[in-house]
Amino acid sequence: MHTVKVIAGGFVLLALCLLIGRLVGRPALAAGVAKLFIPLWLVAAGVNMWIGVSKAGYTIADEAPIFLIVFAIPAAVAFLVLWKLSRG
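Residues numbered from 1 in each chain as written. Predicted model: local features only at pLDDT ≥ 70, side-chain atom pairs only at ≥ 80, totals over all residues. Heavy atoms only, no water.

Asker: What's the story with the confidence of the model for the chain in this structure? I'm lost.
Answerer: For the chain, per-residue confidence averages 90 on the pLDDT scale, and 97% of positions sit at 70 or higher. Ranking the elements of the chain by mean pLDDT puts helix H2 (residues 27-54) last, at 88, and helix H3 (residues 60-86) first, at 93. (pLDDT = per-residue confidence, 0-100. Helix = DSSP H or I, 4+ residues; strand = E, 2+ residues; numbered from the N terminus.)

Below you can see the structure in the form of structure tokens.
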């Protein structure tokens, strides 16, 4: 259940990045703000992995596949959104 919550948090962060981009009003800058999501989400997913290893007692081998899933799902949606934004 924690993994689902973290992925949902990724979607919330993506929505915030897109909202900030839309409030700015220019399409090129909106796409730039949306691109900022990818490194932000990489750091957030990495922090989630670090907490799982250091606090919850999981090994890196246990957490690595979860990290990939947690990062990849919102990142894939972000890439799709950026692709749609770039096409007009």
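Asker: How do you make sense of the environment of Gly-52 when you look at a structure like this?
Answerer: Within the element layout of this structure, Gly-52 appears in helix H2. Assessed through its relative accessible area of 8%, Gly-52 is described here as buried. In the structure, Gly-52 is positioned 44 residues away from Ala-8 in sequence and 17 Å away in space, judged by C-alpha atoms. Apart from residues no more than four positions distant in its own chain, Gly-52 is found in contact with Gly-57, Tyr-58 and Glu-63. (Buried < 20%, exposed > 50% of the residue type's maximum accessible area, 1.4 Å probe, protein only. Contact = heavy atoms within 4.5 Å.)

Asker: Explain the nonpolar core to me, please; I cannot follow it from the model alone.
Answerer: Soluble globular proteins: nonpolar side chains tend toward being buried together. Counting residues in hydrophobic clusters, the biggest one holds 15 residues, and the most contacted among them are Phe-37, Ile-38, Trp-41, Ala-45, Val-70, Phe-71 and Ala-78. Ranked by residues supplied to this core, first place goes to H2 with six residues. Apart from residues no more than four positions distant in its own chain, Ala-78 is found in contact with Leu-14, Phe-37 and Ile-38. (Core = buried A, V, L, I, M, F, W, Y, C linked by side-chain atoms within 4.5 Å.)

Asker: Sorry, what's going on with H3 here?
Answerer: Note: α-helices contain 3.6 residues per turn, so residues at a spacing of three or four share the same orientation. With 27 residues, H3 should cover 39 Å at 1.5 Å per step; its first-to-last C-alpha distance of 37 Å lies within 8% of that length. Bending of H3 peaks at approximately 25 degrees at the position of Ala-72, with proline Pro-74 no more than four residues after it. Along H3, the positions that sit buried rather than exposed are Glu-63, Phe-67, Val-70, Phe-71, Pro-74, Ala-75, Ala-78 and Leu-82. (Expected span 1.5 Å × (residues − 1). Bend = angle between axes of the 7 residues up to and from the residue.)

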